Amino acid sequence: MSAAGAFGADQELRTLLLSRIHDVPDYPKPGVTFKDITPLLADATAFAALTDAFAGLCREYGATKVVGLEARGFILAAPVAVRAGVGFVPVRKAGKLPGATLGQAYALEYGTAEIELHADALAPGDRVLVIDDVLATGGTAEASLKLIRRTGAEVAGVAVLMELGFLPGRERLAGELAGAPLEALITV
């Protein structure tokens, strides 16, 4: 079993990661506590441990591609793909990728947004692990799963550094995961 295990990160990894995530009160607005992962990224030991945990999940779930969600998901997913020996595919906000793309709109609290990937980035037979920094309400992750399935690829799972357990992200993703695992190394 990988470092993440079936029930989240082992205690040593969790302690290391949490010690490098800083709370920033009242950012980006009063009453919100932002979870800043940049100190974790600046610590080579912590970043390598995170990368290893996610790469272990790639191997455990038979992923052949890693999708990183814009923007912090790129930072986490790209080294995971290299470590696991699989391809990396960015999922970006609409209008940011050149060439032919596939898009997926999703609802926000007030309005809609759209994400895209290159039309030829995934194919039937690919098993895709989606990686992001935080699972909050689940809108972007849910849209990415729909987008991946539209290419004919299979969802191997979703892995996040941190899940905000007081928000409904896990519940929102349950149907679209269709039995694929959702791993959160840390739940706050």
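Quick note: structure is the one above.
Calculation rules
Position numbers for residues start from 1 in each chain and track the written sequence from start to end. Predicted model: local features are reported for residues with pLDDT of at least 70 only, side-chain atom pairs are reported and counted for 80 or more only, and whole-chain, interface and lining totals are derived from all residues. To obtain the side-chain values, all non-hydrogen atoms of the structure were used and water was disregarded. The numbering of helices and of strands both runs from the N terminus, where a helix is a DSSP run of H or I of at least 4 residues and a strand a run of E of at least 2. For this measure, only C-alpha atoms enter the radius of gyration; the expected value for a globule follows 2.2 Å times N^0.38, where N is the number of residues. Each residue is placed in one exposure class: buried if its accessible area under a 1.4 Å probe, protein chains only, is under 20% of its type's maximum, exposed if it is over 50%, and partly exposed if it falls in between. Residue contacts are counted whenever heavy atoms from the two residues lie within 4.5 Å of one another. Positive charge is attributed to Lys and Arg, negative charge to Asp and Glu, and no charge count is given to His or to the chain ends. Charge placement uses NZ in Lys and CZ in Arg. For Asp and Glu, CG and CD serve respectively. Joining through side-chain atoms within 4.5 Å is the link that ties buried Ala, Val, Leu, Ile, Met, Phe, Trp, Tyr and Cys residues into a set, and such a set is a nonpolar core. By convention, a stacked pair of Phe, Tyr or Trp rings (six-membered ring in the case of Trp) has centres within 6.5 Å and planes under 30 degrees apart, an edge-to-face pair has planes over 60 apart, and any other such pair is tilted. Residue count minus one, scaled by 1.5 Å, sets the expected span of a helix. Under the rule applied, a polar contact is a pair of N or O atoms within 3.5 Å (in protein, one hydrogen donor and one hydrogen acceptor; residues adjacent in sequence only if both atoms are side-chain atoms).

How should the overall build of the chain be read in this particular structure?
Along its length, the chain carries six helices and nine strands. Since a compact globule built from 188 residues should have a radius of gyration of about 16 Å, the 16 Å found for the chain is in line with a globular shape. A buried classification covers 45% of the 188 residues belonging to the chain. Relative to all contacts within the chain whose residues are 6 or more apart in sequence, the contacts with residues 24 or more apart total 64%. The positive charge centre, built from 17 side chains, and the negative charge centre, built from 22, are 2 Å apart in the chain.

Hey, could you run me through the nonpolar core in this one?
When a protein is soluble and globular, its nonpolar side chains tend to lie buried together. The biggest cluster of nonpolar side chains holds 29 residues, and the ones touching the most others in it are Leu-17, Leu-50, Phe-54, Val-66, Ile-131 and Leu-161. Those elements that place two or more of their residues in this core are helix 1 (11-19), helix 3 (44-60), helix 4 (72-84), strand 7 (127-135), strand 8 (154-163) and strand 9 (182-187). Setting aside residues up to four positions removed in sequence, Val-66 forms contacts with Cys-58, Ala-77, Val-80, Ala-81, Val-86, Gly-87, Phe-88, Val-89, Leu-129 and Ile-131. Among the nonpolar cores identified, the runner-up in size contains 26 residues, and Val-67, Tyr-106, Val-158 and Leu-177 belong to it.

I'm lost on the packing of aromatic side chains in this one. Help?
The description of two aromatic rings rests on the distance between their centres and on the angle between their planes. Scanning the model with the defined rule gives two aromatic pairs in all. Seen in terms of ring centroids, Tyr-27 and Phe-34 are 5.3 Å apart; in terms of plane orientation they differ by 85°. Their pairing is edge-to-face. Residue Tyr-27 is classed as partly exposed on the basis of its relative accessible area, which comes to 45%. On the basis of relative accessibility, which here comes to 24%, the residue Phe-34 falls in the partly exposed class. With 6.3 Å between their ring centres and 85° between their planes, Phe-74 and Phe-88 make a pair best called edge-to-face. Here the residue Phe-74 occupies a position in helix 4, and Phe-88 occupies one in strand 4 (residues 87-93), the gap between them amounting to 14 residues.

What should I look at first to understand helix 3 in this one?
Here helix 3 is 17 residues long and its end C-alpha atoms lie 24 Å apart, about the 24 Å a rise of 1.5 Å per residue gives. Those residues of helix 3 that fall on the buried side of the exposure criterion are Ala-46, Leu-50, Thr-51, Ala-53, Phe-54, Ala-55, Gly-56, Leu-57 and Cys-58. Capping the start of helix 3 is the job of one residue whose side-chain oxygen sits 2.9 Å from the backbone nitrogen of Thr-45: Asp-43. Just past helix 3, the residue Gly-62 takes up positive phi, approximately 65°.

What should I look at first to understand unusual backbone geometry in this one?
The phi torsion of most residues other than glycine is negative, and most of the peptide bonds are trans. The omega torsion across Tyr-27 and Pro-28 is 5°, close enough to zero to call that bond cis. Here Pro-28 is to be found in the loop between strand 1 (22-25) and strand 2 (33-36). Going from Glu-70 to Ala-71, the amide bond is cis rather than trans, its omega being -5°. Assignment of secondary structure puts Ala-71 in the loop between strand 3 (65-69) and helix 4. The backbone phi angle of Asp-26 is positive, close to 60°, even though this residue is not glycine. Looking at the element boundaries, Asp-26 is found in the loop between strand 1 and strand 2. Even without being glycine, Ala-178 reaches a positive phi, approximately 50°. Along the chain, Ala-178 turns up in the loop between helix 6 (169-177) and strand 9.

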